[in-house]
Amino acid sequence: MQIATRKLGSQGLQVSALGLGCMGMSEFYGRGDETEAVATIHRALDLGVTFLDTADMYGPFTNEVLVGKAIAERREEVVLATKFANVRGENGEFLGIRGDADYVRQSCDASLKRLGVDYIDLYYQHRVDPNTPIEETVGAMAELVKAGKVRYLGLSEAAPETIRRAHAVYPISALQTEYSLWSRDPEDEILPTIRELGIGFVPYSPLGRGFLTGQIRRIEDLDEDDYRRTGPRFQGENFQKNLDLVFEVEAMAREKGCTPAQLALAWLLAQGQDIVPIPGTRKRTRLEENVKAMDVRITTDDRSRIDSIFPPEAAAGTRYAAPQMQALNG
């Protein structure tokens with residue numbers, strides 16, 4: 001099966017219009033099932049969802065191994081994206097952010113080995129290192145392109161001025177930042193900046209970490225070790241306020257004959273041909289549901305109604321807890 005493709009940036013990177021985020025297969029969202037995760041990746045490829053997203057920190061380190069195992073016999077079908085910069089220890093501890101040239105080179109070689117591939121299609125700096133000039137980081141990333149280890153470069157959660165400085169060193173093909181109905185802040189400065197520069201946009205958590213699917217009705221629906229329990233939007237009064245917004249989305253989805261997840265993804269896809277969401281899932285059934293979002297048409301009236309239901313800043317609570325918020329928009 002083939003689905004539509006979209007271009008990210010102006011350097012030639014072309015990907016499936018919908019990607020697959022693989023993070024939750026290994027960590028953060030509770031208990032995983034490697035067999036089902038590999039089957040989900042295979043089903044994604046069968047459906048034409050060939051843009052796969054991972055990072056060295058997921059697991060930590062094990063998600064790249066899982067993705068590499070899943071694509072071992074199908075590498076040529078895949079547009080593979082991974083990331084570096086969030087430093088973690090072998091026991092999972094978080095050790096800060098690095099973007100120095102030595103670390104860039106070390107991280108790339110380690111990711112190639114774990115993934116079992118000769119090159120990475122899209123290599124992101126996961127978070128911007130405040131102690132290393134972006135010019136040094138992107139300069140080292142550009143060397144990886146020249147060495148044939150990486151094909152295209154990306155940034156994640158970078159501020160407009162940082163994006164401009166990075167793009168001046170070497171063309172950036174994609175920016176990855178959280179964007180969804182309940183995280184609309186990229187519309188203010190990020191999207192105008194990257195569109196001016198010709199950079200594609202990859203929204204992560206396009207379903208609000210699962211909240212927009214309507215499947216989370218109470219905090220107990222999440223595993224005890226699910227990191228979302230610590231998120232401000234999942235706590236206290238914020239939870240109910242955000243759930244009330246989801247009820248409105250559900251009502252609209254019923255009228256359109258689709259699921260809330262499909263409506264949320266269709267809205268994102270309608271924001272521009274330069275936008276490629278990467279909803280994450282660990283199950284084939286959810287993957288198939290997400291793919292059908294590409295059949296949902298968003299009209300002008302739909303846009304207006306969604307804006308009235310979910311205007312910018314409608315979500316209660318910040319995206320992350322305070323320490324993680326400091327690393328955003330770097």
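So, here's what we can say about the structure.

Parameters and conventions
- Residues numbered from 1 in each chain as written.
- Predicted model: local features only at pLDDT ≥ 70, side-chain atom pairs only at ≥ 80, totals over all residues.
- Heavy atoms only, no water.
- Helix = DSSP H or I, 4+ residues; strand = E, 2+ residues; numbered from the N terminus.
- Rg over C-alpha atoms; globule rule 2.2 N^0.38 Å.
- Buried < 20%, exposed > 50% of the residue type's maximum accessible area, 1.4 Å probe, protein only.
- Contact = heavy atoms within 4.5 Å.
- Areas by Shrake-Rupley, 256 points an atom, 1.4 Å probe, with all protein chains shown as cover.
- Lys, Arg positive; Asp, Glu negative; His and termini not counted.
- Charge placed at Lys NZ, Arg CZ, Asp CG, Glu CD.
- Pairing = 2+ DSSP bridges.
- Axes fitted to C-alpha atoms, helices over the stretch in contact; angles between N-to-C directions.
- Parallel < 35°, antiparallel > 145°, perpendicular 65-115°, else oblique.
- Left-handed = near helix turned anticlockwise from the far one by under 90°.
- Nonpolar A, V, L, I, M, F, W, Y, C, P; charged D, E, K, R; others polar.
- Salt bridge = Lys/Arg side-chain N within 4 Å of Asp/Glu carboxyl O.
- Patch = residues over 30% accessible without salt bridge, like charges linked within 9 Å, V, L, I, M, F, W, Y side chains within 5 Å.
- Right-handed = clockwise from strand over helix to strand, strands pointing away.
- Expected span 1.5 Å × (residues − 1).
- Polar contact = N/O pair within 3.5 Å; in protein donor to acceptor, adjacent residues only side chain to side chain.

## Quick word on the overall build of the chain
Consideration 1: When helices and strands are counted, the chain shows 11 helices and 11 strands.
Consideration 2: Here the chain has a C-alpha radius of gyration of 19 Å; the compact-globule value for 330 residues is 20 Å, and the two agree.
Consideration 3: Structurally, the chain occupies a C-alpha span of about 50 × 40 × 40 Å along its principal axes.
Consideration 4: Each of the 330 residues in the chain was classed as buried or not, and the buried ones make up 60%.
Consideration 5: Within the chain, residue pairs in contact and separated by at least 24 positions form 75% of the contacts whose partners lie at least 6 positions apart.
Consideration 6: Total accessible area on the chain is roughly 13,900 Å²; 47% of this is exposed by carbon and sulfur atoms.
Consideration 7: Each charge class in the chain was averaged separately, 39 positive and 49 negative side chains, and the resulting centres sit 3 Å apart.

## What to know about the sheet that holds strand β5 (residues 79-84)
Consideration 1: Taken together, seven strands build an open sheet; the order of strands is β3-β4-β5-β8-β9-β10-β11 and the sheet is parallel. Taken across any chain shown, the strands that pair with only one partner, and hence form the sheet edges, are β3 (20-21) and β11 (200-204).
Consideration 2: Bridging between strand β10 (residues 174-178) and β11 involves five bridges; their strand directions are parallel. Within the sheet, the bridge partner assigned to T177 lies in β11 and is P203.

## Digging into the packing of helix α5 (residues 160-169) against helix α6 (residues 190-197)
Consideration 1: Contact pair α5 / α6: the axes reach a minimum separation of 9 Å and the direction vectors enclose 15 degrees. By the angle between their directions, the pair α5 and α6 is classed as roughly parallel. Two packed elements cross with a definite hand, and for α5 against α6 that hand is right-handed. Contacts between α5 and α6 involve P160, I163, R164 and H167 on the former and, on the latter, I190, T193, I194, E196 and L197.
Consideration 2: By residue class, the composition of the contact of α5 with α6 is five nonpolar, two polar and two charged.

## Observations regarding the pattern of salt bridges
Consideration 1: Under the definition given, this model contains 27 salt bridges.
Consideration 2: Taking the shortest distance from any N to any O, the salt bridge between R105 and E143 comes out at 3.4 Å. One end of the pair, R105, is in helix α3 (residues 101-115); the other, E143, is in helix α4 (residues 134-146), and 38 residues separate them in sequence.
Consideration 3: With relative accessibility at 33%, the residue R105 sits in the partly exposed group.
Consideration 4: By relative accessible area, E143 is classed as partly exposed at 43%.
Consideration 5: Among the salt bridges present, the one from R184 reaches E187, with a minimum N-O distance of 3.0 Å.
Consideration 6: Its relative accessible area of 9% is what places R184 among the buried residues.
Consideration 7: The exposure class assigned to E187 is partly exposed, which follows from its relative accessible area of 23%.

## Brief notes about a negative patch on the surface
Consideration 1: Residues D185, D188, E189 and E313 make up a contiguous surface patch of negative charge.
Consideration 2: Topologically, D185 is positioned in the loop between β10 and α6.

## Digging into the pairing of β10
Consideration 1: When you tally the buried positions in β10, you get five out of five residues, the bulk of the element.
Consideration 2: The two faces of β10 match: A174, Q176 and E178 on one face and L175 and T177 on the other face are all buried.
Consideration 3: Of the pairings in the sheet, the one linking strand β9 (residues 150-156) to β10 comprises three bridges and is parallel in character. Each residue of the ladder has a partner; that of L155, found in β10, is L175.
Consideration 4: Assessed by its sense of winding, the connection that carries the chain from β9 through α5 to β10 is right-handed.
Consideration 5: In this fold, β10 hands off to α6, which returns the chain to β11; that crossover is right-handed.

## Points about the environment of G214
Consideration 1: Counting through the fold element by element, G214 comes out in the loop between β11 and α7 (236-256).
Consideration 2: The exposure class assigned to G214 is buried, which follows from its relative accessible area of 9%.
Consideration 3: Taking C-alpha positions, G214 is 6.4 Å from V246, a pair spaced 32 residues apart along the chain.
Consideration 4: G214 has contacts with V246 and E250, leaving out every residue within four places of it along the chain.

## A look at helix α1 (residues 34-47)
Consideration 1: In this model, α1 (14 residues) spans 20 Å end to end at C-alpha, consistent with the 20 Å of a helix rising 1.5 Å per residue.
Consideration 2: Here α1 has its buried residues at E36, A37, V38, A39, T40, I41, A44, L45 and L47.
Consideration 3: Measuring from the side-chain oxygen of the N-cap residue of α1 to the backbone nitrogen of T35 gives 3.0 Å; that N-cap residue is D33.
Consideration 4: Following α1 by one or two positions, G48 has its phi on the positive side, about 95 degrees.

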